[in-house]
Amino acid sequence: MSEDRYLTFALGKGRLANKTLELFEKIGITCEEMKDKNTRKLIFVDEKNKLKFFLSKGPDVPTYVEYGAADIGVVGKDTLLEENRRVYEVLDLGYGKCKMCVCGPKEAKELLQHHEMIRVASKYPNIAKDYFYNKKHQTVDIIKLNGSVELGPIVKLSDVIVDIVETGGTLKENGLEVLEEICPLSARMIVNQVSMQMEADRIKKLIQDLKGVLAE
Ligand code: PRP
């Protein structure tokens, strides 16, 4: 395919995006414009390498990639599991490591062991549903929240939560603990299925270069 076509990257806003830009710098991809912390611009162009980058909300990254609005995305495995989009997951970037867990007060462990009908609050209802229904065969009531999920058991909205645990600090400060581990998480690179065919050479080289620096 022609080198004139731009390869477009969708990056989830926040910590992952900064780490991704640091990683890309190591393989010679820099986007000076994007480093300006005060900019309100949403799309950035690297004319030399024919690349475009845009920042979006994390859960929207797989959507842009599935529909081909972006060729490539970088997003947490949590978002991939939750959104379940038709994209190729091509690389574990190794950063953003954390775990998806069932958490709650110590006493709630009992409820999990006896398969009781419990309330589960989560920002990740699909992950929670898959875990409880398909893996544990436990019928539960799942309540979708949009953040500060640890409040669930504290204000008695739910018995437990399904959430990301990184340092464990938030749980500890709120008197909660990990009751069961669901799966490990980290940042992943995803590719649009058509782009993977049409831009195979450029994308494969990008993956090889990234694998090289990740192995260092
Ligand atoms: C995430 C997650 C936990 C916390 C875990 O929340 O939902 O609340 O980080 O990190 P820790 O184990 O290091 O304490 P985030 O900061 O994304 O905010 P949110 O509560 O609005 O989702």
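Just so you know, these numbers come straight off a predicted model, no measurement behind them.

K.L.:
Would you take a moment to explain the packing of aromatic side chains for this structure?
P.N.:
Two descriptors summarise a pair of aromatic rings, namely the distance from one centre to the other and the angle between the planes of the rings. Taken as a whole, this structure holds 5 aromatic pairs when the rule is applied. Residues F9 and F53 carry aromatic rings whose centres are separated by 5.1 Å and whose planes lie at 25° to one another, so their mutual orientation is stacked. Of this pair, F9 sits in strand β1 (residues 7-12) while F53 sits in strand β3 (residues 51-56), and the two are 44 residues apart along the sequence. Of the residues examined, F9 reaches a relative accessible area of 1% and is grouped as buried.

K.L.:
Help me out: how do you make sense of the layout of surface pockets in this one?
P.N.:
In this approach a probe as big as a water molecule rolls over the atoms, and the regions it shows empty are the leftover space. In this model, the largest pocket occupies a volume close to 1100 Å³. Forming the boundary of the largest pocket are 42 residues, of which R15, D78, K123, Y124 and I164 lie nearest the centre. At the level of secondary structure, the elements contributing two or more residues to the lining of the largest pocket comprise α1 (15-26), β4 (72-76), α3 (77-83), β6 (98-104), β9 (160-165) and α7 (169-173). Of all the elements, α3 adds the most residues to the lining of the largest pocket, at 5 residues. Of the residues assigned to the lining of the largest pocket, the class counts are 14 nonpolar, 15 polar and 13 charged. A domain split of the lining of the largest pocket shows at least three residues from each of domain 1 (7-96 + 186-214) and domain 2 (98-183).

K.L.:
Would you mind showing me how to read the nonpolar core here?
P.N.:
A general feature of soluble globular proteins is that nonpolar side chains tend to end up buried together. By size, the foremost hydrophobic cluster in this structure holds 28 residues, and its most contacted members are F9, F53 and M189. Those elements giving two or more residues to this core turn out to be β1, α1, β3, β4, β11 (187-191) and α9 (200-215). The element contributing the most residues to this core is α9, with 5 residues. In contact with M189, other than residues within four places in its own chain, are I72, G73, V74, Y88, E89, V90, L91, L93, L206, I207 and L210. Counting residues in hydrophobic clusters, the runner-up holds 18 residues, among them A108, I118, F132 and V140.

K.L.:
Which parts of the structure should I look at to understand the sheet that holds strand β8 (residues 141-144)?
P.N.:
Note: strands within a sheet are paired through backbone hydrogen bonds, in either parallel or antiparallel orientation. Strand order across the open sheet formed by 5 strands is β8-β7-β9-β6-β10, with mixed pairing between neighbours. Since the sheet does not close on itself, it has two edges, and those belong to β8 and β10 (177-185), each with one partner. Strand-to-strand, the axes of this sheet are offset by a mean angle of 25°, without reference to chain direction. Looking at chain direction, strand β7 (residues 119-122) and β9 are connected through 3 bridges and run parallel. When the sheet's bridge partners are listed, A121 is paired in β9 with I161.

K.L.:
Would you mind showing me how to read the side chain of E66 here?
P.N.:
The topology assignment puts E66 in helix α2 (residues 61-66). A relative accessible area of 16% places E66 in the buried class. Apart from residues lying up to four places away in sequence, E66 is in contact with R85, R86, V87 and N192.

K.L.:
Looking at this model, I keep getting lost on the packing of α1 against α9. Mind explaining?
P.N.:
Think of two packed helices as two axes; the pair is described by the angle between the axes and how far apart they sit. At a minimum axis separation of 9 Å, α1 and α9 run at an interaxial angle of 100°. Of the possible angle classes, the one that applies to α1 and α9 is roughly perpendicular. Only L210, V213 and L214 of α9 make contact with α1, whose side of the interface consists of L23, F24 and K26. Residue composition of the contact of α1 with α9, grouped by class: 5 nonpolar, no polar and 1 charged.

Rules behind the numbers
Residues numbered from 1 in each chain as written. Predicted model: local features only at pLDDT ≥ 70, side-chain atom pairs only at ≥ 80, totals over all residues. Heavy atoms only, no water. Phe/Tyr/Trp six-rings, centres within 6.5 Å; stacked < 30°, edge-to-face > 60°. Helix = DSSP H or I, 4+ residues; strand = E, 2+ residues; numbered from the N terminus. Buried < 20%, exposed > 50% of the residue type's maximum accessible area, 1.4 Å probe, protein only. 1 Å grid on protein atoms, 1.4 Å probe; cavity = no way out; pocket = protein on both sides within 12 Å on 5 of 7 lines; lining within 4 Å. Points joined across faces, edges and corners; volume = space filled by probe spheres on them. Nonpolar A, V, L, I, M, F, W, Y, C, P; charged D, E, K, R; others polar. Domains from an automatic or database assignment. Core = buried A, V, L, I, M, F, W, Y, C linked by side-chain atoms within 4.5 Å. Contact = heavy atoms within 4.5 Å. Pairing = 2+ DSSP bridges. Axes fitted to C-alpha atoms, helices over the stretch in contact; angles between N-to-C directions. Parallel < 35°, antiparallel > 145°, perpendicular 65-115°, else oblique.

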